Amino acid sequence: MAGAPSDAAGGPAALTARTPQVPADRLVAEMVPPPRFDSVRFDNYIPDPAQPSQTDAVKVLSEFATRIDGGATASGGGRRRWFRRAEQPAGPSGPRGVYLDGGYGVGKTHLLASLWHATPAAPEQKAFGTFVELTNLVGALGFQQTVQTLRGHRLLCIDEFELDDPGDTVLVSSLLGKLVEAGVALAATSNTLPGKLGEGRFAAADFLREIQGLSAHFRTLRIDGEDYRHRGLPQAPAPFSDDQVTKAAYGTPGASLDDFPSLLEHLSRVHPSRYGAMCDGIEAVCLTGVRPVPDQSTALRLVVLADRLYDREVPVLASGVPFGDLFSEEMLRGGYRKKYFRAISRLTALARDAQRVIES
């Protein structure tokens, strides 16, 4: 893997020069809330007063966290208890899993990470990752080893649960079934498109249908609201010129500089599970020649990179077309539209963050 983010001449790094090799144990160790969500808690989530579902979600999740048993397994090596129990041998109270259903930027990941932080268990007994990261873990470890690795956890949080790949959905559903049997509490989020009336209900129904036998263990929490990333903020800056981007890259310690088409080609040669490691040490991503992505496979890889950059709060400075024009109308109407809208939302936020790079 590349070392310090600069080339031999002392200029900016190039993501296209990085092909990191990531050991499986790093994938497991990194299943914690990303740096952007290190400090989030229920008490610093700011509900929109006009959206009572946001306040309700904080209350439900706070109570859910207190019911997760952070102690040892039951005596005799048997099945771990789901929740702390009173002296009477009553069954567990409340749901064994929660599903947060809502649009972009309503704070679902903030709430999911807050649940992880609030759960009374050691960090190594809790796991947090996106749906894609979980499937990547299965790919790296194999199904049975993933089950053995995660079955000792008290809580598994899955951000951005995706229903657009039937094979991956069935794979993860089977994994969750094994973990439920082992007593692991589950929490998941997914997205619905803003302005799509009723789609939140459909998304929840799809989720519960896909996980079949697990559906009885989940309580669905609908979280309404507008995208906080753009709430009351100015529009993202217009793209800069190639010269401005290049100058900023050379003047910013830790910046990378890449031609956008070349970066897209490079992403096809690096497994998505390694995109996070590819960004190690990068303080700002500078891209020249941004243009609409040519096909669906390329677009989906770009979505993963956008997620990893957003997790790490890496600003993105770009020339070319605005990020809102990355995906064709056909893509934005298709089965992966939720991913594409999420990527646009996150890249727009990172472009706004990049203002300080160009102004410094």
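Up top is the structure.
To keep things clear, this report deals only with the structure shown in the data block. (Residues numbered from 1 in each chain as written. Predicted model: local features only at pLDDT ≥ 70, side-chain atom pairs only at ≥ 80, totals over all residues. Heavy atoms only, no water.)

### Some words on helix α9 (residues 260-267)
Residues F260, L263, L264, H266 and L267 constitute the buried set of α9. Taken around the axis of α9, the buried residues stretch over an arc of 160°, which confines them to a single face. Check the buried side of α9 and you find it contacts β6 (255-259), α10 (275-278), β7 (284-290) and α11 (296-311). (Buried < 20%, exposed > 50% of the residue type's maximum accessible area, 1.4 Å probe, protein only. Helix = DSSP H or I, 4+ residues; strand = E, 2+ residues; numbered from the N terminus. Arc of directions from axis to C-beta. Contact = heavy atoms within 4.5 Å.)

### Looking at unusual backbone geometry
Backbone geometry at E160 places phi at a positive 60°, although glycine is not the residue there. Within the element layout of this structure, E160 appears in the loop between β3 (155-159) and α6 (166-181). Positive phi outside glycine occurs at E313, with the angle close to 55°. Take E313: it is sitting in the loop between α11 and β8 (316-320). Look at E313 and you get partly exposed, because its relative accessible area is 41%.

### Considering the pattern of salt bridges
Under the counting rule described, the total for this entry stands at twelve salt bridges. Salt-bridge contacts for D307 lead to R346; the nearest nitrogen and oxygen are separated by 2.9 Å. Here the residue D307 occupies a position in helix α11, and R346 occupies one in helix α13 (residues 337-353), the gap between them amounting to 39 residues. R346 gets classed as buried once you look at its relative accessible area, which sits at 5%. One salt bridge connects R308 with D311, and the closest N-O pair in it is separated by 3.1 Å. (Salt bridge = Lys/Arg side-chain N within 4 Å of Asp/Glu carboxyl O.)

### Re the sheet that holds β6
Spatially, the three strands line up as an open sheet ordered β6-β7-β8, and their pairing is parallel. The open sheet has two edge strands with one neighbour each: β6 and β8. Taken pair by pair, the neighbouring strands of this sheet meet at an average axis angle of 15°, ignoring direction. (Pairing = 2+ DSSP bridges. Axes fitted to C-alpha atoms, helices over the stretch in contact; angles between N-to-C directions.)

### Describing the environment of S53
Within the secondary structure, S53 sits in helix α2 (residues 52-67). By relative accessible area, S53 is classed as buried at 14%. A C-alpha to C-alpha distance of 5.3 Å links S53 and I223, two positions 170 residues apart in sequence. Discounting residues that sit within four places of it in the chain, S53 has contacts with R222, I223 and D224.

### Focus: the nonpolar core
Counting 65 residues, the largest nonpolar core has L111, L115 and F327 as the members making the most contacts within it. Ranked by the residues each element gives to this core, the list is headed by α11, at eight residues. Dropping the residues within four chain positions of it, L111 is found in contact with F42, Y45, A57, V58, L61, L100 and I223. If you look at the next biggest cluster of nonpolar residues, it comprises 24 residues, including A127, L156, I158 and F218. (Core = buried A, V, L, I, M, F, W, Y, C linked by side-chain atoms within 4.5 Å.)

### What to know about the packing of aromatic side chains
The geometry of an aromatic ring pair comes down to the distance between the two centres and the angle between the two planes. Applying the stated criterion across every chain, the model contains two aromatic pairs. On the numbers, 4.6 Å between centres and 20° between planes, the contact of F327 with Y340 is stacked. Of the two residues, F327 sits in the loop between β8 and α12 (329-333) while Y340 sits in helix α13, which places them 13 residues apart along the sequence. R36 extends its terminal NZ or CZ atom over the ring of Y310, reaching a point 3.8 Å from the ring centre. It is K126 that lies over the ring of W116; its NZ or CZ is 4.3 Å from the centre. (Phe/Tyr/Trp six-rings, centres within 6.5 Å; stacked < 30°, edge-to-face > 60°. Lys NZ or Arg CZ within 6 Å of the ring centre and 35° of its normal.)

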